[in-house]
Amino acid sequence: MEGQAHDLAAELAALCDTMLPGDARFPSATAAGAHGVAADRIRARAGEAGLDRVIEAMRACGGPLASAADRTAVVRAFETQHPELFGLVRLALFTAYYESPAVIRAIRALGHVYNAAPQPAGYDMPPFDPDDPLHAPRHRRGSYVPTAEVRRVDLSPLPPDPLAPEDYRQEQGTATGRGLLSTGTREEVRR
Amino acid sequence: MTAARDRVDVVVVGAGPGGAITSLVLARKGLKVVCLEQGPWFRPEGRPHGRTDWEWQRLTRWSTSPNVRDLPHDYPVDSVDESTLMWNGVGGGTAIYTATWPRYRPSDFRKGDEHGLAPNWPITYEDLAPWFEIADEACGVGGWPGDPAMPPRGPFQTLPTAPGPLGQVAAAAFEKLGWHWWPMPVTILASEHDGRPGCNLCGNCQNGCPRGAMNDMAVTHWPKAIAAGAELRTECRVERVETDREGRATGVVYVDRNTGTRHFQPAEVVVLAANGVGTPRLLLLSESARHPKGLANSSDQVGRNLMHHTLGLVECWVEPVTDSHKGIISAVAICEEFAETDTRRGFVNGVTLHVVRMNGAGYQALGSHSGNVAPWGAAHHDWFVRHFGHGVGILVVGDDLPRPQNRVTLSPTLKDSSGLPAPHIAYQMCENDRRLANFGLDRAVELARAMGAWEIKVNAFRNPDGRYAPPAWHLLGTCRMGDDPATSVVNQWHQSWDCPNLYIIDGSVMVTGAAINPTSTITALAYRAATRLADRFDEARRATGPLV
């Protein structure tokens, strides 16, 4: 069991540092202490077996990671072959990393004002200035149709049946991103 | 076993905007009001704003999706077509929203006249105009008067919150394009109003506001409603509305989630305010031999005509510092250049652009709203240094057409923690919606280019096969109002055609969706409906037909 525990710790540390290595500006994931927090989060969302699934998946992708000659290749295979599990690892790790004190200090060193938590301090910004035309517009552009002036529009430019279900196949490949706001369907949670 | 409670004048189901306003207005009239809410109170100190793990909380326990939270007081939503976002608790959706507060425009109420692909509302903008002002005063709105794209409104309770450098980058781009733009009205105070403090620009609006600067019904309405005598019972999940032989509502059956006991709450009048998914679900759960299609559903319109808006998000990154982690999350500015129908574009209805912010460092590294995820590995930190503090979000909101196929039904498989069937949602764009959505995305990309963006990312909320599967903040139209009992569920006073002492006061009644966030209009409708109900309550409690 002792060996297994060490294996788990070494594999997680290797995974986190491969994903978030350190450089002159930022600490590595383990130096920031993010790996332990991330492990807790993986366990919270995927259950006790979640961490074992991560380790097993990496083994199947060329691991164990800690002793792999090319760690990047192993993690890339993990990302490709187990996208949902990898997504959970990334979610847990990135949030853990960017809340760690050392990383917040690194962000501040770049010149940003950045709080560890939104409250209680909040942020200072110059208030809305009624005399600034980029705050309070001077233009008179824009209009609306008053109730009494609503008239039937010319429908001839519309498709033959505008209420027909869209042919979504026309949109295949048009969406270049799937942001966090689009997550959360039952299907995705179950995966 | 079901224990009966003392009879009340009105039982209200749901403690969000519709339920809070209804309870306040009726209690102030001296009526005995009980509101049943399946979720709990969320106290300011319980919110994650003071915790260093606030971003993790934002994406899990405090997610806007009940399916991600997966908490016992929530109910799951069965759908692969969209991701319903809602909050079950005191304040309803106002506990975790963006507090964006534009109004429907006059033509939004006359789409039957304008193009006939959606019906007219039974009321006009002018009918609602005074109630908009009452709602604004009660909620507290930060804004700037004189917008030529809308009928006059105001005075606002405070100035807009700070636009910051992001707002100035966007304003300059709008000026370059010659498009309309205006500071977005928001129910977030820039300065003290009604005993509430101004916003301190912390950037985490979507976990609510522990300061009380944002309009959360738990802050702005419930304390006043309770002081006026309304009783709010939390953790009480309503299972069904009961009716008598004449088809009048007699009250509701609910489960106290703390004790597991079942109660019958008798009432003279029942008001449903459980949002555009929860209300039709409850009506469908209330089916009986007398109402085999569900209660109040002789028109077969309960659950149909669901509208979510056509949504898209374009994010871009520019050379100037935008500080996109500071300030209210949404929205700095609104563009209503394309809000009215112009069929030369190939579709009816309009679209608006909202300039929004991006949350914190972790959220931005995870792709923010557009899915522009920072690479892992050696390139990660260079990506972060280049992108963080330089982003701008552009939310594209289009007016989707109501269609009967887009509907809420009961899930055959999924249940909530009380064993009640979850709602099932079917939702798909129509061809008009597709054209509208793509037009809006193109304009947002044009705006990003006018900002001088060096990187642009588009999230059209489409699955790899091309299907639109949006986040669904706006739950509208599923018990729409009208003049004809054959094609609508309630009349213009929110009274059920079928069940004369049953009222629906939430986004379900909205006939069209407009191209903007709906809560401002929902609150105005609620003040109008509740005031009428209070003023004519003696007639309403005895009504056997429409109370005209």
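These remarks concern the structure in this document. Just so it is clear, the structure is predicted and the values come from calculations on it, not from any experiment.

## Brief notes about the interface of chain B and chain A
Piece 1. Contacts between the two partners involve 127 residues from chain B and, on the opposite side, 95 residues from chain A.
Piece 2. Three residues stand out in chain B for area buried against chain A, namely Trp56, Trp376 and His381 of chain B, and they jointly supply 11% of the buried area on that side.
Piece 3. Taken together, the links from chain B to chain A amount to five salt bridges.
Piece 4. Across the salt bridge formed by Arg141 of chain A and Glu175 of chain B, the nearest N and O atoms sit 3.2 Å from each other.
Piece 5. The tally of links from chain B across to chain A stands at 38 residue pairs in polar contact (both at pLDDT 80 or more).
Piece 6. Considering every element that reaches the side of chain B that touches chain A, the biggest residue donor is helix α6 (residues 164–177) of chain B, with eight residues.
Piece 7. Its residues placed into classes, the side of chain B that touches chain A shows 58 nonpolar, 44 polar and 25 charged.

## Some points on the pattern of salt bridges
Residues and elements named next belong to chain B.
Piece 1. Overall, the coordinates contain 41 salt bridges over all chains when judged by the stated rule.
Piece 2. Between Arg7 and Glu268 there is a salt bridge; the shortest N-O distance is 2.9 Å. Note that Arg7 is positioned in the loop between β1 (2–4) and β2 (8–13) and Glu268 in strand β9 (residues 262–272), a separation of 261 residues in sequence.
Piece 3. On the basis of relative accessible area, Arg7 is assigned to the partly exposed category, the value being 46%.
Piece 4. Across the pair Glu242 and Arg240 runs a salt bridge whose closest N-O atoms are separated by 3.4 Å.

## What about the packing of helix α1 (residues 17–28) of chain B against helix α13 (residues 519–535) of chain B?
Residue and element names in this part refer to chain B.
Piece 1. Running from amino to carboxyl end, α1 crosses α13 at an angle of 30°, the nearest separation of the two axes being 9 Å. Of the possible angle classes, the one that applies to α1 and α13 is roughly parallel. The chirality of how α1 crosses α13 is right-handed. Between α1 and α13, the contacting residues are Pro17, Gly18, Ile21, Thr22, Leu24, Val25 and Leu26 on the first element and Thr519, Thr523, Ala526, Tyr527, Ala530, Thr531, Leu533 and Ala534 on the second.
Piece 2. Of the residues contributing to the contact of α1 with α13, the split by class is ten nonpolar, five polar and no charged.

Calculation rules
- Residues numbered from 1 in each chain as written.
- Chains lettered and ligands numbered in written order.
- Predicted model: local features only at pLDDT ≥ 70, side-chain atom pairs only at ≥ 80, totals over all residues.
- Heavy atoms only, no water.
- Contact = heavy atoms within 4.5 Å.
- Buried area = accessible area lost by both parts, 1.4 Å probe.
- Salt bridge = Lys/Arg side-chain N within 4 Å of Asp/Glu carboxyl O.
- Polar contact = N/O pair within 3.5 Å; in protein donor to acceptor, adjacent residues only side chain to side chain.
- Helix = DSSP H or I, 4+ residues; strand = E, 2+ residues; numbered from the N terminus.
- Nonpolar A, V, L, I, M, F, W, Y, C, P; charged D, E, K, R; others polar.
- Buried < 20%, exposed > 50% of the residue type's maximum accessible area, 1.4 Å probe, protein only.
- Axes fitted to C-alpha atoms, helices over the stretch in contact; angles between N-to-C directions.
- Parallel < 35°, antiparallel > 145°, perpendicular 65-115°, else oblique.
- Left-handed = near helix turned anticlockwise from the far one by under 90°.

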